[in-house]
Protein chains: 2
Amino acid sequence: MNYIIGIDVGTTSTKALLYDTDGKIYAKANKGYTLYQDTPDMAEEDPDEIFNATLSAIQEVVAKAQLTDGKVIAISWSAQQHSLIALNKDFKPLTRTLTWADNRSEKYAREYKENGRGMAMYQRTGLPIHPMGPFYKLLYFKNEQPDLFKRTAYWVGIKEYIIWKYTGVLKEEISMAAASGLLNMKTCDWDPEALKETGITKDQLPELVDLTDKFQGIKSEYAKVMGIDEDVYFVMGATDGALSTIGVGAIDSGVLAINIGTSAAVRTFVDKPRIDPKARLYCYPIMKGKYLVGGPINNGGIVLSWAHDALFASEEQAAKLLGMDSYDMLSKIAATVPAGSDGLIFHPYLGGERAPLWDANARGSFFGLNRKHTKAHMIRAVMEGIMYNLYSVTLALKEVTGDPKAILAAGGFAQSKLWTQMMADIFENDIIIPESYESGSLAAMFLAKMALGMEDKLEDIKKYLGKENKYQPNEETFARYRKLVPIYLRLSREFSTEYKAIADYQREFPG
Amino acid sequence: MNYIIGIDVGTTSTKALLYDTDGKIYAKANKGYTLYQDTPDMAEEDPDEIFNATLSAIQEVVAKAQLTDGKVIAISWSAQQHSLIALNKDFKPLTRTLTWADNRSEKYAREYKENGRGMAMYQRTGLPIHPMGPFYKLLYFKNEQPDLFKRTAYWVGIKEYIIWKYTGVLKEEISMAAASGLLNMKTCDWDPEALKETGITKDQLPELVDLTDKFQGIKSEYAKVMGIDEDVYFVMGATDGALSTIGVGAIDSGVLAINIGTSAAVRTFVDKPRIDPKARLYCYPIMKGKYLVGGPINNGGIVLSWAHDALFASEEQAAKLLGMDSYDMLSKIAATVPAGSDGLIFHPYLGGERAPLWDANARGSFFGLNRKHTKAHMIRAVMEGIMYNLYSVTLALKEVTGDPKAILAAGGFAQSKLWTQMMADIFENDIIIPESYESGSLAAMFLAKMALGMEDKLEDIKKYLGKENKYQPNEETFARYRKLVPIYLRLSREFSTEYKAIADYQREFPG
Ligand SMILES: Nc1ncnc2c1ncn2[C@@H]1O[C@H](COP(=O)(O)OP(=O)(O)OP(=O)(O)O)[C@@H](O)[C@H]1O
Ligand SMILES: Nc1ncnc2c1ncn2[C@@H]1O[C@H](COP(=O)(O)OP(=O)(O)O)[C@@H](O)[C@H]1O
């Protein structure tokens, strides 16, 4: 038997899974790293710390799996999008890696939004007008750190840097390049205008390759440390966005994949570029005839975690005494309140929001409080509000890609039956939850099999997905949500006029 | 020594205090009664149950005081405003008493607001256009209970009914008559147009007298039960609104009296009628050359009580174990958060609102939530939000009556130093808290002394008020509130467009 490692370099940690070529999991490992936030709008990580995390995660799965009958033949990569590192001519980092959450280029994104050039670039590259994008980060470096900008020989993302460090090969695959805002979505080559605007040249960027590009050449010291043969293949893989969509089996055009983990996303594949006239959604080429359209959402499960800590700290102790998971307790408490939380509406924008608002100043709110409302109403309203927001992104997606054929969902939220049923009720749609849980690394493993000629089309990933759970909308419940969703949406617009004022206050008086 | 009983017939209970003529308190009693809410927009009480409550309250203070050296020479009355009872020709109640909170005439108030007649009546009578007013309640009875309406010989309020029951005398004093919306504020007589619109005649209403009107004639059985001589004087007294303003010493024009108990109010005396062009404030004649202008506020301390129960039930147990008052605990928790609650803004309209919105559909909200916010921020924001609302009513009052010369405050909120200081900081004004606590019954006692010729001008109440505590605004703190108050006010307007939608939902799905 042969084995493949699927590895997912996330924003907070790297997960490695070791599979056999039938898709059976043999071992898992998870390694975290530090987020540097010296100023509120900064969000950096240390590329070498992340590299080391991948090294020890792989080392750990290999050790745990205790393989006796074969070897690891490929390592395939999923990673966070929008990261940016400056390298000198010897490929030494001149900066940490700026994550998608780094906000320092906000000024440039705003400028581009206001003068219309952001919209023009969005139409060429599919990157929404937002500081997350390496395109805008490059504008920041060019204008605010000109010396560093001049000294930089190469601009790369974290996945490219790590693969380079293992192998000395500097390549970038299409999906990750698209998320930089530097790739022309029609030609699938670096966009000349994007390069001109940012003032960089093609030879400062990695060679562009397909997702299934594979090569050998791991440095022997790393192979030794990990306990892997030197002829292991590196398979380029893709962005975590693309792979988690593939990994739930949402391959066909018009099948939606919704993920709610710490953050959240709504995505679907389409067969040609589709641009949102309101620029609420990205559109990234992934491979020939496959474009990923979607909305990235900051305020997913992290908002439930906030409510858990802010409102239920005392009850968490009680749950502990009962030997109960405290998130399960939250679902049980929320279940005591009727659907619609007796008319309490929560907007989950605790940390600003990307899709659908694209407003870093957005903030959270409870609206509709009356004297009957309790903490139990609040927690249910929080769960509902996260869903209303996802639903509003889905409405935007529907405008652009048409009615969904099916909705597949995954992520930590699915551990709550109540929350998953709520999704079906709010979306008025069947919701399918694939049993297999680690969709990103599963899809990375599958790409490796394609790269190695062991599979030949994406659709065939479905046989690795295990059985599905289906949640169906309940008529009595969705009648309530139908009344509340329009109020939620109108309030979103009305609130937006004051987001800047309150966010300015919070910046001026940081506590 | 002689004694006077000041008695305050409130919405939830009747309080009696027995004073000597120097203003020293000898005994207190408090008797509650039932609120009938068979339907959500109904809020009735049983007039005979309230009568009995006054009887046993007086009985109790007389018994407790154990007077040996003199006797009770007068009973003087403060009472809730806007109540209405239908009596037949034998003075038997045909209805319970409808309190100010009864909302059944909402349709008529809305109609009058929309067609402009409400504004015209407001300009004649000073009653804001709101279902609380007996004027609108009469329209309700006339249109929706025509038989009852025809059978009714007399229309009275709870104070008039109680005094009639003790003495057989049916009188009404100016301040209470004004709050009915049937009194012309210029002539201080029943308003012919108001009578015409409601379809009643002057002889269906009590005789109009001054606040200091006094008479004897208590029925001997009641005198006996209470342990009081039959020559005791009944002194008409006034509305609780007028008396609690007098009772904190806010007698001079332009001195504001702010009360925050369960509900709240901002009031000031002026020397001639003053009408608010936006009809946010009432204007009631009280005596010659004294008009009370003010805004009644539903959401006072009751909102803090809600937050206490909804958010801090677990901590209440902890406070109990510590032998600590749980409201004191809330202040201590709120004090751990900086002024401005790190940019969290609460609108306290849990139960709809009278001044300044006059919108029964208004609801509460938290706005500006970010991940740093905790339950401690919420409780501070609740206290601040109640104050922002009071401040907004004060701004309306300033437009009509000019800058306040001084601000006096009283009510349960003043038990919290933090909350009182917050008031000074938000109002950017010194706040004076009179030491004497039961301002309504104190002022009733004082009116009795005037009625009996023992005092001759209102100003002289000040000698009974004890020492004052003064809170001064803190510059660093009010700088923060100055930024937040405009946001609070703008949000009030923006939210208002969705109040009806969410309130309609809450009525359609009552849980
Ligand atoms: N220790 C405390 N700290 C802060 N607030 C308190 C404290 N104790 C009571 N309160 C507040 O005072 C309110 C009650 O005030 P008060 O006793 O004046 O009410 P009331 O007489 O029923 O009201 P009303 O004047 O509206 O009829 C409570 O709802 C609570 O919000
Ligand atoms: N038992 C549970 N019920 C509901 N939600 C849960 C439960 N456990 C975890 N979650 C939610 O899932 C989120 C984490 O999801 P996950 O997919 O593991 O995150 P990540 O994006 O970090 O991989 C948490 O923030 C929490 O909101």
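Remember, predicted model here, so these are calculated numbers, not experimental data.

Enquirer: An account of the sheet that holds strand E1 (residues 3-9) of chain A is requested, with residue identities and associated values reported.
Expert: All names here are of chain A. Across the sheet, which stays open at both edges, the six strands sit in the order E3-E2-E1-E5-E12-E11 with mixed pairing between neighbours. Of all strands in the sheet, those with a lone pairing partner are strand E3 (25-32) and strand E11 (214-215), marking the two edges. By the bridge criterion, seven bridges tie E1 to strand E2 (residues 13-20) in an arrangement that is antiparallel. Bridging from a neighbouring strand, Ile 5 pairs with Leu 18 of E2. Taken strand by strand, helix H1 (residues 47-65) contacts E1, E2, E3 and strand E5 (72-79), and its axis lies near 150 degrees from that of E3. Sheet strands touched by helix H6 (residues 158-167): E1, E5, E11 and strand E12 (233-239). Its angle to E12, the strand with the most contacts, is close to 175 degrees.

Enquirer: Tell me what's going on with the domain arrangement of chain A, and back it up with residues and numbers.
Expert: Residue and element names in this part refer to chain A. Domain assignment breaks chain A into domain 1 (3-247) and domain 2 (249-499). Measuring from the centre of the C-alpha atoms in domain 1 to the corresponding centre in domain 2 gives 25 Å. Among the residues domain 1 hides against domain 2, the three largest losses belong to Met 185, Thr 245 and Ile 246. Together they make up 17% of the total. For the pair domain 1 and domain 2, the number of links is two salt bridges. Between Glu 438 and Lys 28 there is a salt bridge, with the nearest N and O atoms lying 3.9 Å from each other. For the pair domain 1 and domain 2, the interface holds 12 residue pairs in polar contact (both at pLDDT 80 or more). The set of elements that each furnish at least two residues to the side of domain 1 that touches domain 2 consists of E1, E2, E5, helix H3 (117-125), helix H7 (174-178), E12 and helix H10 (240-247). The element contributing the most residues to the side of domain 1 that touches domain 2 is H10, with seven residues.

Enquirer: Report on the UniProt feature "domain: Carbohydrate kinase FGGY N-terminal" (unreviewed entry) in chain A, specifying residues and quantitative values.
Expert: The sites that UniProt annotates as "domain: Carbohydrate kinase FGGY N-terminal" (unreviewed entry) are residues 3-247 of chain A. Between the end C-alpha atoms of residues 3-247 of chain A there is a gap of 18 Å, over a span that is 38% helix and 23% strand.

Enquirer: Explain the environment of Glu 207 of chain B to me, using residue names and the numbers behind them.
Expert: All names here are of chain B. Tracing the backbone shows Glu 207 in strand E10 (residues 207-209). Residues Glu 207 and Lys 171, 36 residues apart in the sequence, show an inter-C-alpha distance of 4.7 Å. When residues no more than four places from it in sequence are discounted, the contact partners of Glu 207 are Leu 170, Lys 171 and Glu 172.

Enquirer: Tell me about the pattern of salt bridges, and name the residues and values.
Expert: Residues and elements named next belong to chain A. The tally for this structure, following the rule as stated, stands at 72 salt bridges over all chains. One salt bridge in this structure joins Glu 197 and Arg 117, with 3.1 Å as the shortest N-O distance. With Glu 197 in helix H8 (residues 192-198) and Arg 117 in helix H3, this pair connects stretches of sequence that are 80 residues apart. Residue Glu 197 is classed as buried on the basis of its relative accessible area, which comes to 19%. Residue classification places Arg 117 among the partly exposed residues on the basis of a relative accessible area of 37%. With a closest N to O distance of 3.6 Å, Lys 470 and Asp 430 form a salt bridge. Taken as a pair, Lys 470 in strand E21 (residues 468-471) and Asp 430 in the loop between helix H15 (417-427) and strand E20 (431-434) lie far apart in primary sequence, 40 residues in all. Look at Lys 470 and you get exposed, because its relative accessible area is 52%. Taking relative accessible area as the criterion, Asp 430 reaches 27% and is therefore assigned partly exposed.

Enquirer: Provide a residue-level description of the UniProt feature "domain: Carbohydrate kinase FGGY C-terminal" (unreviewed entry) in chain A, including the pertinent values.
Expert: Per the UniProt entry, the sites bearing "domain: Carbohydrate kinase FGGY C-terminal" (unreviewed entry) are residues 256-451 of chain A in this numbering. Across residues 256-451 of chain A, helical content stands at 41% and strand content at 23%; the span's end C-alpha atoms are separated by 25 Å.

The rules we used
- Each residue is numbered by its place in its chain's sequence as written, counting from 1.
- Here chains are named by letter from A upward and ligands by number from 1 upward, in the order in which they appear as written.
- Where local features are concerned, this predicted model is filtered to residues with pLDDT of at least 70; where side-chain atom pairs are given and counted, the filter is 80 or more; whole-chain, interface and lining totals use all residues.
- With hydrogens and water stripped out, all remaining heavy atoms of the structure feed into the side-chain values.
- Strand pairing follows a simple DSSP-based rule, namely that at least 2 bridges must link the two strands.
- Each helix is a run of DSSP H or I of at least 4 residues and each strand a run of E of at least 2, with the numbering of both proceeding from the N terminus.
- Any two residues whose heavy atoms approach within 4.5 Å at even a single point are treated as in contact.
- Only the stretch in contact is used when a helix axis is fitted, and all axes are lines through C-alpha atoms; the angle between N-to-C directions ranges over 0 to 180 degrees.
- Segment limits for the domains were obtained from an automatic or database-derived domain assignment.
- Accessible area that two parts lose when put together, evaluated with a 1.4 Å probe and summed over both, is termed the buried area.
- A pair is scored as a salt bridge if a Lys or Arg side-chain nitrogen falls within 4 Å of a carboxyl oxygen belonging to Asp or Glu.
- Pairs of N or O atoms are called polar contacts if they sit within 3.5 Å, as long as, within protein, a hydrogen donor faces a hydrogen acceptor (for residues adjacent in sequence, only side-chain-to-side-chain pairs).
- UniProt positions are given in the numbering used here, feature names are shortened, and annotations may be inferred rather than shown by experiment.
- Three exposure classes are used, based on accessible area relative to the maximum for each residue type with a 1.4 Å probe and protein chains only: buried under 20%, partly exposed in between, and exposed over 50%.

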